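An overview of the molecular structure
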Amino acid sequence: MYRDMVRAARAGNTYAMLSLAYCYQNGIYVDMDLDEAVNWYKQSAAKGCGRARWELAKFYRDGILVSQNSFEYIHWLTAAAESGIPEAMVELSKAYGYGVMLPKDDNMVVDLLEKAAALEYPYAEFVLGYLYKNGITVEKDTDKADALWERTRQHGDAELFYDIGFLLEFGDGLFKPDHTSAVGWYKLSSDMGSSKGYYCYMKIRNTSSNGSPETMAQRLAKLTRLPVNLEIMQSEMLLDEADQCMDLEDYDGALDKYRESADLGNADAMFMLSMFYRDGEIVKRNPELYMQYLTRSALCGNTDAQVQLARCYETGDGVEKSINEAMDYYAMAIACGNLSVYYQLTRYIEHPEVFVNKTRKVVR
C-alpha cells in the first residue's frame, strides 16, 4: 500500500501527497522526516487540498515542523479558508476582528462567519448568533440570533455545548459573562451525558441560589477530579503498566493490565487485546473476541482499529464484505486525525475530503 501511495503522490495525486506528508510527519511506513513532510504538504496544498493548507497554517501558527512565521501562517490560513475549511474561516475572522496580523475589518468577520455557518459549522453558528444577539459589528437582531443558536443546538455536541457554557460563564475577550445563557448550554451538555456539563450546570445553578462562586482556576481543578476523569487517568496508568509488562515479557501481567484498562474504556488497550486475540500468541486465538475488541476500540476513537476494521470490511475478514462500511471507517479514522488514510479513499472516490466532511465531524 505504501509503494502505491508513493507512486500516486509522484504522479500528482493530491490526497496521496497529503497521506505521504502525514506518514513522514509521524514515521508511518518510513522514518520520520519533517522536511519531507512539509514538502509533501506544500505540494498537496499547491494542488488545492484544503486540509493540507489548514495543516500548514497550524504548523506556522504553532511552530510545529517549521518555525513560527506570521506571514506564512496568514497565507496558508487564508488559503485554507478559501478552500472551504470552516475552522480556518473562524480563525481568520478572529484575526480580522482583533486586528491581529491583518487590518481590523468587521465586514470580513461577518462574511467569514456566515460562510462557515452556511457549512453548518456549529461554533460559527454560535459566534454569529452572539454577534446578532448583542449587536456587535452587526445590527442587533434577536430573531436571527435565536435561529442561529437553534442551528447550533442541532449541529453541535456535548463537548461544544460545555465549551460554550464555560465561555459564557467566565467570559473571554469578545464574550462577556452571561450566566443565564451559560446555564442553558451547560444543561444541553449535561442532557447529552457530559459529566463536565452536569457538574457545571449544577454548580452555576447553586451559585445563582446564593452559593459560593468558583473562580475559573478552581472550576478547572474540580473538573480534573471528576470520577470520569479519574477513570481516564487510571486507564492510562494501567495501559502504561501493561506496556511495561510487555517490555519485560510478562505477558500474563500485561494481559491483566490491558483488560483492566479496556474495562475503563481505554481504546488503545482494546486495540491491543484485539491484536492478541487475532494473532493467538499471548492468548488462545479467538476471532469473535478479536472483532468485538476491534470494533469497540474503533468506536472509542483508536485510528489503528478504525483502519484495521475498514480493511476487514474491504476483504470480508470476519465480517460481511462491505465497501460502504470500509469507506465509513476510513472516514472515521481521518476525522480522528489520521491523514494517511486519505489515499485509501481515493481508490473509491475522487474527492475524499468532500466525502469525509459530509459524513463525519472532522477533528482538526
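Above this note sits the structure.
Residues numbered from 1 in each chain as written. Predicted model: local features only at pLDDT ≥ 70, side-chain atom pairs only at ≥ 80, totals over all residues. Heavy atoms only, no water.

**Re the environment of Asp146**
Definition in use: By definition, any uninterrupted DSSP run of H or I lasting at least four residues is a helix, any uninterrupted run of E lasting at least two residues is a strand, and each is numbered from the N terminus.
Tracing the chain through its elements places Asp146 in helix H9 (residues 142-155). C-alpha of Asp146 to C-alpha of Lys133: the two residues are 13 residues apart in sequence and 7.8 Å apart in space.

**Description of the packing of helix H10 (residues 158-170) against helix H11 (residues 179-191)**
Heads up, the rule is: Convention adopted: a line fitted to C-alpha atoms gives each axis, helices being fitted over their contacting stretch, and angles between N-to-C directions are expressed from 0 to 180 degrees. Just so you know how the angles are binned, under 35 degrees is roughly parallel, over 145 roughly antiparallel, 65 to 115 roughly perpendicular, and the rest oblique. Less than a right angle of anticlockwise turn of the near helix away from the far helix marks a crossing as left-handed, whereas a clockwise turn marks it as right-handed. Contacts are residue-level and defined by heavy atoms, with any inter-residue pair within 4.5 Å sufficient. Under the convention adopted here, Pro, Cys and the residues Ala, Val, Leu, Ile, Met, Phe, Trp and Tyr are nonpolar, Asp, Glu, Lys and Arg are charged, and Gly plus all remaining residues are polar.
Relative orientation of the contacting elements H10 and H11 amounts to 160°, with a least axis distance of 8 Å. One way to sum up the angle between H10 and H11 is to call them roughly antiparallel. Along this stretch, H10 crosses H11, giving a crossing that reads as left-handed. In this structure, H10 uses Ala158, Phe161, Tyr162, Ile164, Gly165, Phe166, Leu168 and Glu169 to contact H11, whose residues at the interface are His179, Ser181, Ala182, Trp185, Tyr186, Leu188 and Ser189. Its residues assigned to classes, the contact of H10 with H11 comprises 10 nonpolar, four polar and one charged.

**Description of helix H5 (residues 70-82)**
Quick note on the threshold: Under the convention used throughout, the expected extent of a helix is 1.5 Å for every residue step, that is, one less than its residue count. Type-normalised accessible area, obtained with a 1.4 Å probe on protein chains alone, sets the label of each residue: buried when under 20%, exposed when over 50%, and partly exposed for intermediate values. Polar contacts, as counted here, are pairs of nitrogen or oxygen atoms within 3.5 Å of one another; within protein the pair requires one atom able to donate a hydrogen and one able to accept it, and residues that are adjacent in sequence qualify only if both atoms are side-chain atoms.
Its 13 residues place the ends of H5 18 Å apart at the C-alpha level, agreeing with the 18 Å of an ideal helix rising 1.5 Å per residue. All buried positions along H5 are accounted for by Tyr73, Ile74, Trp76, Leu77, Ala79, Ala80 and Ala81. Each element contacted by the buried residues of H5 is listed here: helix H3 (34-46), helix H4 (50-62) and helix H6 (86-98). Residue Asn69 occupies the N-cap position of H5, its side-chain oxygen lying 3.1 Å from the main-chain nitrogen of Phe71.

**Topic: a negative patch on the surface**
Definition in use: Note that patches include only residues with greater than 30% relative accessible area and no salt bridge, and the join distances are 9 Å for like charges and 5 Å for nonpolar side chains (Val, Leu, Ile, Met, Phe, Trp, Tyr). In these tables, accessible area is a Shrake-Rupley quantity obtained with a 1.4 Å probe, and a residue counts as shielded only by the protein chains included in the view. Here, a salt bridge means any Lys or Arg side-chain nitrogen found within 4 Å of an Asp or Glu carboxyl oxygen. Asp and Glu are treated as the negative residues and Lys and Arg as the positive ones, with His and the ends of the chain left uncounted. Throughout, a charge is located at the NZ atom of Lys, the CZ atom of Arg, the CG atom of Asp or the CD atom of Glu.
A cluster of acidic side chains, namely Glu236, Asp240, Asp243, Asp247, Asp268 and Asp304, defines a negative patch on the protein surface. Tallying contributions element by element places helix H14 (residues 227-247) first for the negative patch, with four residues. On the secondary structure map, Asp304 appears in helix H18 (residues 303-315).

**Side note on a nonpolar patch on the surface**
A grouping of Tyr98, Val100 and Met101 is seen on the molecular surface, where their side chains present a nonpolar patch of about 300 Å² in accessible area. Note that Tyr98 resides in helix H6.

Shape descriptors only; they carry no functional weight alone.
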